[in-house]
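What follows is each chain in one-letter form.
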Amino acid sequence: MPADPILTVRNGQAFAVTAPGSLPIERFRRDVIESVARGGRIAAFFARRETDTRRSLTAVIAADAESSLQVLSAVVEREYPSLTPDCPQVHWFEREVFEQQGLIPVGHPWLKPIRFTAQDSSTDQVAFRSAKERPFAEREATKCGVTDFFAMAGDEVHEVAVGPVHAGIIEPGHFRFQCHGETVYHLEISLGYQHRGVERALLGGPNARTVHYIQTLSGDTTTGHTLAYCWAVEALSQIHVPPRAQALRGIALELERLANHIGDLGALAGDVGFLPTMAYCGRIRGDVLNLTATLCGNRFGRGLIRPGGVSFDLDADTLREMKRRLEAVAKDARVAIELLWN
């Protein structure tokens with residue numbers, strides 16, 4: 001039987017790479033655009049090498065209300081009509097596919113590198129501006145490099161540059177704001193200043209180091225990334241996780257979400273110069289991180305989640321203490337955040 005042209009799966013469900021059938025690129029493009037217009041979310045958009053010139057484009061569209069994922073695929077050669085003009089969610093995905101695979105999204109409005117290196121900017125500008133005219137093999141070999149930033153001109157127009165080094169645990173990123181007075185007209189983001197080779201290190205795994213690479217990808221998403229990795233391993237190996245382990249994973253994931261949201265609200269307050277909420281939320285975020293440490297001994301949740309389950313359990317007394325402290329966090333956070341809104 002031929003493969004279904006559109007595959008519907010659940011999160012954490014394994015399926016064969018060839019399970020979604022190959023659609024004509026015109027239908028692939030139309031179906032992705034229409035699915036997003038109906039409320040879908042692009043969860044992934046990538047290309048795989050089929051031959052020297054052929055690539056298999058795959059889109060994964062999340063229907064959050066139904067907790068389902070649609071998987072669509074199309075085989076293309078050298079180039080394809082960009083989806084970005086009709087579906088802005090695909091914007092960065094298409095730029096990354098071009099960087100990594102040399103596959104040109106024809107008609108993309110902003111085909112610039114996402115990740116910058118220290119190459120000569122003039123050379124790279126020629127490489128990207130004339131990409132369609134260059135031989136495919138040469139385009140594919142092009143490395144992403146320093147490029148011109150968007151700029152505005154005029155009286156009292158000014159540029160604010162932030163990063164790439166930041167305080168805290170977020171990854172390096174450089175941000176260029178084009179401003180006139182208090183109005184920000186344009187923001188351009190460039191990434192790739194810290195490249196640790198994790199993707200290459202994961203090839204051939206999983207092995208004893210894999211989970212450690214995963215949980216240190218980003219300090220603020222230790223639990224989220226580790227859980228996603230474990231779901232993948234468990235789905236592929238048909239491992240069933242005990243209900244209690246699933247509950248403990250859920251507690252850790254929710255604590256991470258609370259810490260991030262409270263911390264971000266404090267950061268937003270700091271961005272507009274409102275220091276009381278910034279200071280309070282910084283302290284309250286620490287209280288939530290300490291709850292995660294109570295769960296597993298690490299404030300970011302490292303070492304807790306492993307394929308098959310969790311490494312730590314909780315007794316009744318510890319659960320009661322965590323609930324008491326969580327109620328205090330909720331009360332303090334509400335006061336600090338209402339200060340900001342009022």
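Look above for the structure.
Rules of the game
Every chain's residues receive numbers from 1 upward, in the order its sequence appears when written. pLDDT decides what is reported in this predicted model: residues at 70 or higher carry local features, side-chain atom pairs at 80 or more are listed and counted, and totals for whole chains, interfaces and linings draw on all residues regardless. Each side-chain value is worked out from all heavy atoms of the structure, with water and hydrogens disregarded. Secondary structure counts use DSSP, requiring at least four H or I residues in a row for a helix and at least two E residues in a row for a strand, with both numbered from the N terminus. Here, expected helix span is obtained from the residue count minus one, scaled by 1.5 Å. Only protein chains enter the accessibility calculation, which uses a 1.4 Å probe; a residue whose area is less than 20% of its type maximum is buried, one above 50% is exposed, and one in between is partly exposed. Arc, as used here, means the arc of the directions from the helix axis to the C-beta atoms. Contacts: residue pairs with any heavy atoms within 4.5 Å of one another. Residues belong to one nonpolar core when they are buried, are Ala, Val, Leu, Ile, Met, Phe, Trp, Tyr or Cys, and are joined through side-chain atoms within 4.5 Å. In this analysis an axis means a line fitted to C-alpha atoms, helices contributing only their contacting stretch, and an angle means the value between N-to-C directions, from 0 to 180 degrees. If an angle is under 35 degrees, it is roughly parallel; if it is over 145, roughly antiparallel; if it lies from 65 to 115, roughly perpendicular; otherwise it is oblique. A clockwise turn of the near helix away from the far one marks a right-handed crossing, whereas an anticlockwise turn of less than a right angle marks a left-handed crossing. Residues were grouped as follows: Ala, Val, Leu, Ile, Met, Phe, Trp, Tyr, Cys and Pro as nonpolar; Asp, Glu, Lys and Arg as charged; and all remaining residues, including Gly, as polar. Whenever two N or O atoms come within 3.5 Å, that pair is a polar contact, provided that in protein one can donate a hydrogen and the other can accept it, and provided that, for residues adjacent in sequence, both atoms are side-chain atoms.

A. View of helix α7 (residues 222-237). Taking 1.5 Å per residue, 16 residues should reach 22 Å; α7 reaches 22 Å between its end C-alpha atoms and fits that length. Listed as buried for α7 are T222, T223, T226, L227, Y229, C230, V233 and E234. Seen along its axis, α7 keeps its buried residues to an arc of 165°; they face one direction. Residues of α7 that are buried sit in contact with α6 (210-215), α8 (243-271), β10 (305-306) and β11 (309-310). Once α7 finishes, Q238 follows within two positions and takes phi at roughly 55°, a positive value.

B. Structural detail: the nonpolar core. Formed by 27 residues in total, the largest nonpolar core has its most connected members in Y229, I262, I284, V288, L295, L304 and M322. Contributions of two or more residues to this core are made by α6, α7, α8, α9 (275-296) and α10 (316-341). Here this core takes seven residues from α9, the largest share from any one element. Sequence-distant contacts of V288, that is, excluding residues within four places in its chain, are made with L255, L258, A259, I262 and V329. Within the second largest apolar cluster, 21 residues are counted, among which are F28, I33, A59 and A74.

C. Layout of the packing of α9 against α10. Between α9 and α10, the least distance of the axes is 9 Å, while the angle of their chain directions is 165°. Taken together, α9 and α10 sit at an angle that is classed as roughly antiparallel. For the pair α9 and α10, the crossing hand works out as left-handed. Here P276, T277, Y280, C281, R283, I284, D287, V288, N290, L291, T294 and L295 of α9 come into contact with α10, specifically with T318, M322, R325, L326, V329, D332, A333, A336, I337, L339 and L340. Split into classes, the residues belonging to the contact of α9 with α10 amount to 15 nonpolar, four polar and four charged.

D. Inspection of the environment of E256 at higher detail. Topologically, E256 is positioned in helix α8. Apart from the residues within four sequence positions on either side, E256 is in contact with D220, T221, T222, T223, G224 and F300. A distance of 3.0 Å separates a polar side-chain atom of E256 from the backbone nitrogen of T222. Here G224 takes part through its backbone nitrogen, which lies 2.9 Å from a polar atom of the side chain of E256.

E. The arrangement of unusual backbone geometry in detail. Across the junction of G163 and P164, the peptide omega takes the value 15°, indicating a cis bond. Following G205, the chain continues into P206 via a peptide bond in cis, with omega recorded as 5°. Assignment of secondary structure puts P206 in the loop between α5 (198-202) and α6. Positive phi outside glycine occurs at S67, with the angle close to 55°. By the element assignment, S67 lies in the loop between β3 (54-63) and β4 (68-77). Positive phi is not limited to glycine here, since Q238 has a value of about 55°. Mapped onto the elements, Q238 comes out in the loop between α7 and α8. The exposure class assigned to Q238 is exposed, which follows from its relative accessible area of 67%.

F. Region of interest: the environment of E171. Tracing the backbone through its elements, the reader meets E171 in the loop between β7 (157-162) and β8 (174-180). Along the chain, E171 and L191 lie 20 residues apart, while their C-alpha atoms are 8.8 Å from each other. For E171, the residues in contact, after removing those within four places along its chain, are H166, L217 and S218.

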